[in-house]
Amino acid sequence: MSGFVGVVVSDQWLHSQFTQVELRGLHANFVSTSNESGKATLGNLPPVMCKLKALKDILSADDISRILSESATDATEEIDFESFLRLYLDLQGRATAKLGNTKLKTSSSFLKARTTTIRHNISESEKASYVAHINSFLKEDKFLKDFLPIDPSDNALFELVKGGVVLCKLINVAVPGTIDERAINTKKVLNPWETNENHTLCLNSAKAIGCTVVNIGTQDLVEARPHLVVGLISQIIKIQLLADLNLKKTPQLVELVEDSKDVEELLGLAPEKVLLKWMNFHLKKAGYKKQVNNFSSDLKDGEAYAHLLNALAPEHGTTNTLDTKDPTERANLIIEQAEKLDCKRYVTPQDIVEGSPNLNLAFVAQIFQHRNGLSVDTKKISFAEMMEDDAQTSREERCFRLWINSLGTDTYINNLFDSVRTGWVLLEVLDKIAPGSVNWKQATKPPIKMPFRKVENCNQVIRIGKELNFSLVNVAGNDIVQGNKKLILAFLWQLMRFTMLQLLKNLRFHAQGKEITDADILNWANKKVKSAGRKSQIDSFKDKNLSNGMFFLELLSAVEPRVVNWSVVTKGETDEDKKLNATYTISVARKLGCSIFLLPEDIIEVNQKMILTLTASIMYWSLQHKADTPETIPEEDIAASDESPAAPSDGENASS
């Protein structure tokens, strides 16, 4: 694997204020305005600065010019990159203050929050809570037992994170089977290449379970930047704690609603919203008059907790908790009561009184896991089960949902089919992959009360899709508004495929200036495997021989010989062996650096769409990382086809 060279900043404090992803982006912007001596003039900075993400739409170029003139009167004064970073931090602070003055609403959700450099102080209480979680859930791990328990009072957590193993293990606790542990490098002493592999595997796997890692790079984990590490761990733990808050895992949740329309709404709610709905359901039954709308201010006085615990565990109920007037004393009594249900890991009395949103959410989720208090109404449960999608539709929904979230759009989606019906999410994705394609003046942002506005958004989605040469015969915006799952999945597949081919097109010098098609990807893969002395060859992305995983493992080994451990590969003859190979293939591809969202079943069942995404991802990585030894695609391998690079393959289209 090629080495990683980060952007170097000599001032250690200044360096600590940014992730490597941010430094690379800022450096590129600085270079765009710098002169031959590697410096930029103050007068040239405002137009560049006002377009940066943290400042965009908050500070104008005029605002920035005025701020810069406060400290320097000479617009021709030259500055270096580190001075540029300091100015950026100052402007960022002013932008934050300006947002604060407008009382900007912020979300307490782990998953919606982007990792930024605005606030780097970590909560010691959160850190201690997450350390307790790791100590509890990983204490039996054969590799980590020599390093656990972690002491929350020092930096032992961050030292352990530097090797990359603990985060991979934590992901597997949150979503079992995500990472094939045979792919994790678990030697006592890892070399830099092996450490980088672990962190690459971690970040790609974190994306694959729904974490937002847009601003985190492997170098940030190598350095174990505290605010990024704690932020990532909090997301992983939240996913674990909220895993059962859906109708598939807990069909009893249907008790929270009255009719079929409400069930559809419940299916579209984010897990934390379902948790609030569950909490309010029990509080209403217990006679509590207030509505809990968040996991922060609404829980500070402890009254809601007292009513909830009395309702769920009447055998441990007490009037003392409600009788006391002191919030801190009440919080202490709440913790004592929760301990009887074995729910004490995530909050301290101080966390409740201070309204820590992350820890309160974790605490309520833990209570739900231990005692949800829901009855078993077989009629309602069977109705909920009827609304579940078939296995392949569910897998594709999951794949496209996680892929969209990985793009770093402003909207985080929890239910694909419900979220895309306004058209806004799809417009955000289109703007991301085809910048400038969306006319935002003709778009309406949710919440949207007027139905025709949703249709307008979706009509623009379809129009842009046609401009990108998607196959959209007899498809209208209203089909998306109505939630036609087949058409939505078909559109999203073309969107994902277009994105992959655009990435490959950006490396078109490898294809001698010609467009890359599905056939080229297939030919490249076969030739790559053959050139490594392997015999596996495939006829198409539907070839049933792909089901045993051997072709992909040979392809991965061909692009990076060190990445596959052949001693753990099976012959792929039985169903169990096929699953082992498929699971290992996905983890090895992620360890290499491929951002993929398929499941082992997609390989075993030879899902053509997902097989293409996997092959294209490996091809992209290979072409991107072989710059030192240029790897071209022979002209005879470029398929002579009239097919547009964005058109669906094998006759598949959105209306079929």
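Anything mentioned here points back to the structure above.
Note that the structure is a prediction, hence the values are computed from the model and not measured.

(A) Here's a closer look at the overall build of the chain. On a plain count of helices and strands, the chain comes out with 30 helices and 2 strands. The buried share of the chain, reckoned over its 656 residues, is 53%. Sequence-distant contacts in the chain: of pairs separated by 6 or more residues, those separated by 24 or more amount to 65%. Split by element, the accessible area of the chain, about 29,800 Å² in all, is 50% carbon and sulfur.

(B) Molecular detail of the nonpolar core. Ranked by size, the top nonpolar core spans 168 residues in total, and within it Leu232, Leu275, Trp278 and Met279 carry the most contacts. Per element, the largest residue contribution to this core is 12 residues, and it comes from helix H25 (residues 485-505). For Leu232, the residues in contact, after removing those within four places along its chain, are Leu167, Cys202, Leu203, Ala206, Cys211, Val213, Ile216 and Leu221. Grouped together as the second largest cluster of nonpolar side chains are 27 residues, Val7, Ile67, Phe81 and Ala95 included.

(C) Region of the structure containing the layout of surface pockets. In this structure, the second largest pocket occupies an estimated 290 Å³ of space. Counted by class, the lining of the second largest pocket contains 5 nonpolar, 3 polar and 6 charged residues.

(D) Molecular detail of the packing of aromatic side chains. By the definition in use, this model includes 10 aromatic pairs. Both rings, one in Phe81 and one in Phe84, keep their centres 6.2 Å apart while their planes meet at 20°; by these two values the pair is stacked. Remark: Phe84 and Phe81 occur in helix H5 (residues 81-101); sequence separation between them is 3 residues, near one turn of the helix. Judged by its relative accessible area of 10%, Phe81 is buried. What makes Phe84 buried here is its relative accessible area of 0%. Both rings, one in Trp278 and one in Phe368, keep their centres 5.2 Å apart while their planes meet at 90°; by these two values the pair is edge-to-face.

(E) Geometry of the pattern of salt bridges. Counted according to the given criterion, the structure contains 24 salt bridges. Arg182 serves as the salt-bridge partner of Asp180, at 2.5 Å between the closest nitrogen and oxygen. For Arg182, a relative accessible area of 26% puts it in the partly exposed group. Ionic pairing is found between Glu396 and Lys609, a salt bridge with its closest N-O pair at 3.6 Å. Taken as a pair, Glu396 in helix H20 (residues 391-406) and Lys609 in helix H30 (residues 608-625) lie far apart in primary sequence, 213 residues in all. The exposure class assigned to Lys609 is buried, which follows from its relative accessible area of 13%.

(F) Expanded view of H20. Taking 1.5 Å as the rise per residue, H20 with 16 residues should run 22 Å; its terminal C-alpha atoms sit 23 Å apart, in good agreement. Of all 16 residues making up H20, 13 are buried, and the element is well covered by its neighbours. One or two residues past the end of H20 sits Gly408, with phi positive at roughly 80°.

What counts and how
Residues numbered from 1 in each chain as written. Predicted model: local features only at pLDDT ≥ 70, side-chain atom pairs only at ≥ 80, totals over all residues. Heavy atoms only, no water. Helix = DSSP H or I, 4+ residues; strand = E, 2+ residues; numbered from the N terminus. Buried < 20%, exposed > 50% of the residue type's maximum accessible area, 1.4 Å probe, protein only. Contact = heavy atoms within 4.5 Å. Areas by Shrake-Rupley, 256 points an atom, 1.4 Å probe, with all protein chains shown as cover. Core = buried A, V, L, I, M, F, W, Y, C linked by side-chain atoms within 4.5 Å. 1 Å grid on protein atoms, 1.4 Å probe; cavity = no way out; pocket = protein on both sides within 12 Å on 5 of 7 lines; lining within 4 Å. Points joined across faces, edges and corners; volume = space filled by probe spheres on them. Nonpolar A, V, L, I, M, F, W, Y, C, P; charged D, E, K, R; others polar. Phe/Tyr/Trp six-rings, centres within 6.5 Å; stacked < 30°, edge-to-face > 60°. Salt bridge = Lys/Arg side-chain N within 4 Å of Asp/Glu carboxyl O. Expected span 1.5 Å × (residues − 1).

All quantities given are derived from atomic positions and should not be read as evidence of function.
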